[in-house]
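An overview of the molecular structure
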Amino acid sequence: MEIGARIDFMGLISVSMANPNGDPVNGGMPRTDSDGYGIITDVCIKRKLRDRLAQSGVPILITSPRYGNDCVSARLRELQKLSGEELIREACTRWYDVRAFGQIFFGAGKKNTRSACVNGAVSLRQLFSVHPVELFSVPITRCNQGSARGGANDTFVKRSAVRYGLYVLKGSVCTEVARRNGFSEEDALLLKEALRDIFTGDASASRPAGSMVMERLYWWRHNTRLGDVPAARVYDTVQLRLREGCERPLGFSDYIVEEKPLDRLVPEIIC
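Since this is a predicted model, take the numbers as computed values, not measurements.

It is worth spelling out the overall build of the protein at this point. Scanning the protein from terminus to terminus reveals 7 helices and 14 strands. Among the 271 residues that make up the protein, the fraction classed as buried is 46%. At a minimum sequence separation of 6, the contacts of the protein that also span at least 24 residues come to 69%. Just so you have it, the protein exposes about 14200 Å², and 51% of that area is on carbon and sulfur atoms.

Quick look at the structure:
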């Protein structure tokens, strides 16, 4: 079923003693801006959503090797004979992440050597923490392959993490792009479920189980295709502040969440 009205969504994500998105040019340290606010890139969130959907059996083009069926080049070879527009149409039909997040196909098809570009129906902002985050690092010993523990080939590395941070995710589903890509109401439901369970099965050494939590997910469905109010006003209806006497947040319970209603626009609150 075609999406008939714009959708905005917002998530409150707790990060506790974990590295939510390491920076490869900074030794893998958690990303921060110049003022110390934590950052999670939109690309990181899209990767997690792709993985979560792939776990559920949803066809994904850019899959992770962890979940098998990850031969992207083999899947793309099936589209080699298509021209740019035909390729876009077929790719959107086949793969959820193409119609949702977009994709560039370089040298698309034998009939058209130019690149084919798909604009995604789902837009995501870069995530920032509500307050500056405190980073810490713990030195660990890495035992290289072929060496015994404590051997000459062992090296010392650092594992870095955020002590605690509350990050805010903001995004929208554009109805016009959704119509063009074939992103349906069923796809939007899959997105909502994937956001709710985004950290299920995502545990690792740098992100232990339970260290990243979707505390609350807001889902606004407008009454018109273009939306009742601008997205910025929608997101501003959720205000966050620290409890009185709390100088440094150590958990989600240290925050007070205030929700201001908008006429004719009531969010579904999940989690």
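Residues Val238, Leu240 and Leu242 point to one face of strand 12 (residues 238-242) and are all buried, whereas Gln239 and Arg241, pointing to the other face, are not buried. The pairing of strand 12 with strand 13 (residues 255-259) spans 5 bridges and is classified as antiparallel. By the bridge assignment, Arg241 is partnered in strand 13 with Ile256.

If you walk through the whole model with that rule in mind, you get 19 salt bridges. Residue Asp42 pairs with Lys46 through a salt bridge whose shortest N-O separation is 3.7 Å. Placement of the pair is Asp42 and Lys46 together in helix 1 (residues 42-55), with a separation of 4 residues, close to one helical turn. Between Asp228 and Arg264 there is a salt bridge, and its shortest N-O distance comes to 3.9 Å. Of this pair, Asp228 sits in the loop between strand 11 (212-221) and helix 7 (231-235) while Arg264 sits in the loop between strand 13 and strand 14 (268-270), and the two are 36 residues apart along the sequence. The exposure class assigned to Asp228 is partly exposed, which follows from its relative accessible area of 21%. Salt bridges here are not isolated pairs; linked through shared partners, they connect Glu2, Glu176, Arg179 and Arg225.

Within the secondary structure, Thr237 is located in the loop between helix 7 and strand 12. Residue class for Thr237 comes out buried when judged on its relative accessible area of 8%. Of the polar contacts made by the side chain of Thr237, one reaches the backbone oxygen of Val234; its length is 2.6 Å. Aside from chain neighbours lying at most four places away, what touches Thr237 is Trp220, Glu258, Glu259, Lys260 and Leu262.

Scanning all chains against the criterion turns up 4 aromatic pairs. On the numbers, 5.7 Å between centres and 15 degrees between planes, the contact of Phe9 with Trp219 is stacked. Separated by 210 residues along the polypeptide, Phe9 in strand 1 (residues 7-18) and Trp219 in strand 11 bring together distant segments of the chain. A relative accessible area of 0% places Phe9 in the buried class. In this structure an aromatic cluster arises from ring pairing among Tyr218, Trp220 and Tyr235.

Glancing now at the packing of helix 1 against helix 6 (residues 185-196). Here helix 1 crosses helix 6 at 105 degrees, and the two axes come no closer than 9 Å. If you check the angle between helix 1 and helix 6, you find them roughly perpendicular. Taking contact as the criterion, the partners of Leu49, Arg52 and Leu53 in helix 1 are, on helix 6, Leu190, Leu191, Ala194 and Leu195. The residue inventory of the contact of helix 1 with helix 6, partitioned by class, reads 6 nonpolar, no polar and 1 charged.

This next bit is on the side chain of Ser160. Relative to the helices and strands, Ser160 resides in strand 10 (residues 155-173). When its relative accessible area of 8% is taken as the criterion, Ser160 is described as buried. At 2.8 Å, the side chain of Ser160 and the side chain of Ser137 are in polar contact. Here Ser160 is in contact with Asn19, Met29, Pro30, Phe136 and Ser137, once residues within four sequence places are set aside.

The next point concerns unusual backbone geometry. Notably, Met17 is not glycine yet its phi reads approximately 55 degrees, a positive angle. Position of Met17 among the secondary structure elements: in strand 1. A residue is classified by how much of its surface remains accessible, and Met17, at 42% relative accessible area, is partly exposed.

Reading the values: rules and limits
- Residues numbered from 1 in each chain as written.
- Predicted model: local features only at pLDDT ≥ 70, side-chain atom pairs only at ≥ 80, totals over all residues.
- Heavy atoms only, no water.
- Helix = DSSP H or I, 4+ residues; strand = E, 2+ residues; numbered from the N terminus.
- Buried < 20%, exposed > 50% of the residue type's maximum accessible area, 1.4 Å probe, protein only.
- Contact = heavy atoms within 4.5 Å.
- Areas by Shrake-Rupley, 256 points an atom, 1.4 Å probe, with all protein chains shown as cover.
- Pairing = 2+ DSSP bridges.
- Salt bridge = Lys/Arg side-chain N within 4 Å of Asp/Glu carboxyl O.
- Polar contact = N/O pair within 3.5 Å; in protein donor to acceptor, adjacent residues only side chain to side chain.
- Phe/Tyr/Trp six-rings, centres within 6.5 Å; stacked < 30°, edge-to-face > 60°.
- Axes fitted to C-alpha atoms, helices over the stretch in contact; angles between N-to-C directions.
- Parallel < 35°, antiparallel > 145°, perpendicular 65-115°, else oblique.
- Nonpolar A, V, L, I, M, F, W, Y, C, P; charged D, E, K, R; others polar.

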